[in-house]
Structure formats: C-alpha cells, structure tokens
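Take a look at the letters that make up each chain.
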Amino acid sequence: MFGGLILFLLIGYPAAFSLSAVGLFFAIFGIQLGFFQPSFLQALPDRVFGILSNDLLLAIPFFTFMGAILERCGLAEDLLEGLGQLFGLVRGGLAYAVILVGAVLGAITGTVAASVIAMGLISLPVMLRYGYNPRIATGVIAASGTITQLIPPSLVLVILADQLGKSVGDMYAGAIGPSIIQVLLFCLFIFMVSVIKPEYVPALPKEARPPINWKLFKRILWGIVPSLVLIFLVLGTILMGLATPTEGGAMGAVGALVLAAINKRLEKDLVWQAMTSTMRINAMVIFILIGSTVFGLPIVTGKQIGRAHV
C-alpha cells in the first residue's frame, strides 16, 4: 500500500485522492482474495462523518483565516523592514530579521504558506540586492517557514492532537520550548556563517542604515506590540484553559481583522482573498484526513483479522 501511494504521488495525483484510491483499491483487492470482508466497508461512512462532525477541527479555518489576513495586511513588511534596519550594523542582520519575523509570523498565523510567501516576496530581493549569497538567502527564508510547523498555534499540532487524542493546550505547551530552540539554532547557524564566510552575509552599507533613534524603535514596537497582544489573546487563553482552540482561533480571526483595520488595510478585496484562501486550505486538510481514514481502514481491519486468527 505504501508503494502504491508513492507511485500515485509521483504520477502527480493530489495526496487526498491518492490516499483514498489506494485504500479502496487494496480493500477491493483484499475482498477478492478473501482477506477482507465487504461488511467492513460499512465503517467508512461513520469514519468520514466523525471527521466532519469533529468540533476540534473547527479551529483550522479560524487559524487559517487569521493567517491569510495577516499575510496581506502589511504586518510582515513593517516588522521585517524595522528589524532589518535595527540589525543592519551586524553581519547577517537581514537573516536574523527574517528568522525572528518568521517566528513572530508563525506564532500569529499558524500556516507555513503565509510565512514563506511573505518572507520570500519581501526579503529575498532585499537580501540579494545587498550581496547575500543566494543559497543562504533562500535557505533562511525556507527555514523561517519551518518554524511555523512547530511554534503554536500550528495547524499541524491541532491535527496531531486530534489524531493522538491529546489536548491541544498540552501540545502547544510542549512545543514552546522546542520552537524557541529551533529559532536559536537558526540564529547560531547564521552567526557561524558570518564568522567563517562573512562575504556571504554582509552588513548593510552605511548609506542604507537609518539612524538608530526613538523613531525607529517606535516603528518596531508598533509592529511587535499588537502582534504580542494577538499571540497572548490566542495562545494565552488556550494554555490557561480560558478558551478552547476553536474559541481561541475565533478570537485570533477577529484580532487579525482589528490589526488590519488599525493599519488601514482592511478592504473588501483583502477579506475576500483571505476567505478564498481559507476555503481552499480547509478543504485540502479535510480531504487529506478523509483520505487517510480510507487508507487506514484496510490496514487496521487487516491487523484485527490477523490477531483474531492468532
């Protein structure tokens, strides 16, 4: 079954439909060989209904919508530009800024696409313009997106909590430490590159560095403080048990709309694009879960039959 799944994916079929097709094919194949009873397929509608009626998965569209709004409201641009100017004196300053902004964006969006797309569009041209090695520049951007997979409120942690039968709050609490270590390791790598190959991560030239004064700090705080408030609103309430993940995601979605309005970028087109992106990502996640339960039905049933024979 695993080999068949890899074959379907290499051909180019979507993962959700590949999982379903392989699961159904091997179920029919098992029926023909007498290893699988047709009556076992009656469990499939109940499994699909269980996924669609799962209240925990309601957190996914809220977090996705929050990330889609923040991706387009200019928060990443303001944060990246301010931190890039602050760290401009240091070799690898732009890379440090990308890593830190990626962590902040991951903590307030929960989606990898929002973080990587924003970082790629904003920071890559700037890094290449000031002489960064292309491999380092693209690697830092890709690495900053992986922070989103681990740092709460990651959508991956929501799905894992559902599949493992664990509390989302416990999953978030357990991921805080490793995500901080991941950020520190990325920063340590850039520091080592700046020592061994300083020409790969040059500091900003003097003409590109603004004076470090209260105006610059004010700009950075204007981008960071609302983000920290939103992070506490979402994560703090979940970790303290004051809100469920679904309620926390709903508050985060409202907070993202408020942040967009504060930045004077809350427009009809922005909301429509965010809703469209949310619909596509949510449908993708749900269909992958449905495909995985179809794929797992012959495996689980086959193991049960084998144990019964033993």
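Residues numbered from 1 in each chain as written. Predicted model: local features only at pLDDT ≥ 70, side-chain atom pairs only at ≥ 80, totals over all residues. Heavy atoms only, no water.

*Asks:* Looking at this structure, I do not really get the overall build of the chain. What am I missing?
*Replies:* Secondary structure assignment for the chain yields 13 helices and zero strands. Written out in order from the N terminus, the α and β elements of the chain read α-α-α-α-α-α-α-α-α-α-α-α-α. In the chain, once contacts between residues fewer than 6 apart in sequence are set aside, the share between residues at least 24 apart is 77%. On the chain, roughly 16200 Å² of surface is accessible, and the fraction owed to carbon and sulfur atoms is 71%. (Helix = DSSP H or I, 4+ residues; strand = E, 2+ residues; numbered from the N terminus. Contact = heavy atoms within 4.5 Å. Areas by Shrake-Rupley, 256 points an atom, 1.4 Å probe, with all protein chains shown as cover.)

*Asks:* Can you walk me through the side chain of Thr-278 in this structure?
*Replies:* Topologically, Thr-278 is positioned in helix 13 (residues 268-309). For Thr-278, a relative accessible area of 9% corresponds to the buried category. Apart from the residues lying within four places of it in its own chain, the contact partners of Thr-278 are Pro-61, Thr-64, Phe-65 and Ala-68. (Buried < 20%, exposed > 50% of the residue type's maximum accessible area, 1.4 Å probe, protein only.)

*Asks:* What is the right way to read the packing of aromatic side chains from this model?
*Replies:* For any two aromatic rings, the description comes down to two numbers: the centre-to-centre distance and the angle of the planes. All told, the structure shown has three aromatic pairs when counted by the stated rule. Between Phe-8 and Tyr-13 the ring centres are 5.7 Å apart and the planes differ by 55°, which places this aromatic pair in the tilted class. Note on Phe-8: relative accessible area 29%, which makes it partly exposed. The class of Tyr-13 is partly exposed, set by a relative accessible area of 46%. (Phe/Tyr/Trp six-rings, centres within 6.5 Å; stacked < 30°, edge-to-face > 60°.)

*Asks:* It is not clear to me how the packing of helix 8 (residues 134-150) against helix 10 (residues 168-196) should be interpreted in this structure. Could you clarify?
*Replies:* The angle between the axes and the distance between the axes are what describe a pair of packed helices. Relative orientation of the contacting elements helix 8 and helix 10 amounts to 170°, with a least axis distance of 9 Å. The angle between helix 8 and helix 10 falls in the class roughly antiparallel. Where helix 8 approaches helix 10, its residues Ile-136, Val-140, Ala-143, Thr-146, Ile-147 and Leu-150 are matched on the opposing element by Ala-175, Pro-178, Ser-179, Gln-182, Val-183, Phe-186, Phe-189, Ile-190 and Val-193. Taken together, the residues that form the contact of helix 8 with helix 10 break down as twelve nonpolar, three polar and no charged. (Axes fitted to C-alpha atoms, helices over the stretch in contact; angles between N-to-C directions. Parallel < 35°, antiparallel > 145°, perpendicular 65-115°, else oblique. Nonpolar A, V, L, I, M, F, W, Y, C, P; charged D, E, K, R; others polar.)

*Asks:* Just to check I follow, could you spell out the nonpolar core for this structure?
*Replies:* Within the largest apolar cluster, 56 residues are counted, with the highest numbers of intra-cluster contacts made by Phe-63, Val-158 and Tyr-172. At the level of elements, helix 4 (59-72), helix 6 (93-109), helix 8, helix 9 (155-164), helix 10, helix 11 (214-239), helix 12 (245-262) and helix 13 are the ones that each hand at least two residues to this core. (Core = buried A, V, L, I, M, F, W, Y, C linked by side-chain atoms within 4.5 Å.)

*Asks:* Explain the packing of helix 9 against helix 10 to me, please; I cannot follow it from the model alone.
*Replies:* The geometry of helix 9 relative to helix 10 is characterised by a closest axis approach of 9 Å and an angle of 125° between their N-to-C directions. By the angle between their directions, the pair helix 9 and helix 10 is classed as oblique. The way helix 9 lies across helix 10 gives a crossing that is right-handed. On helix 10, the residues that touch Leu-157, Val-158, Leu-160, Ala-161 and Leu-164 of helix 9 are Val-168, Met-171, Tyr-172 and Ala-175. Here the contact of helix 9 with helix 10 is built from residues that sort into nine nonpolar, no polar and no charged. (Left-handed = near helix turned anticlockwise from the far one by under 90°.)

*Asks:* Looking at this structure, how should I read helix 9?
*Replies:* What sets the pattern is the α-helix's 3.6 residues per turn: residues three or four places apart point alike. For helix 9, every residue scored as buried is listed here: Leu-155, Leu-157, Val-158 and Ala-161. Down the axis of helix 9, the sector holding all buried residues measures 165°, keeping them to one side. Projecting away from the buried face of helix 9 at angles above 90 degrees are the exposed residues Gln-163 and Leu-164. (Arc of directions from axis to C-beta.)

*Asks:* What is the right way to look at the environment of Ser-194 in this model?
*Replies:* Among the secondary structure elements, Ser-194 is positioned in helix 10. The exposure class assigned to Ser-194 is buried, which follows from its relative accessible area of 10%.

*Asks:* Would you mind going over the environment of Ile-51 with me for this structure?
*Replies:* Position of Ile-51 among the secondary structure elements: in helix 3 (residues 43-52). The contact partners of Ile-51, leaving out residues within four places of it in the chain, are Leu-57, Leu-289, Ile-290 and Thr-293.

Honestly, that's just the spatial picture; any functional story needs more than this.
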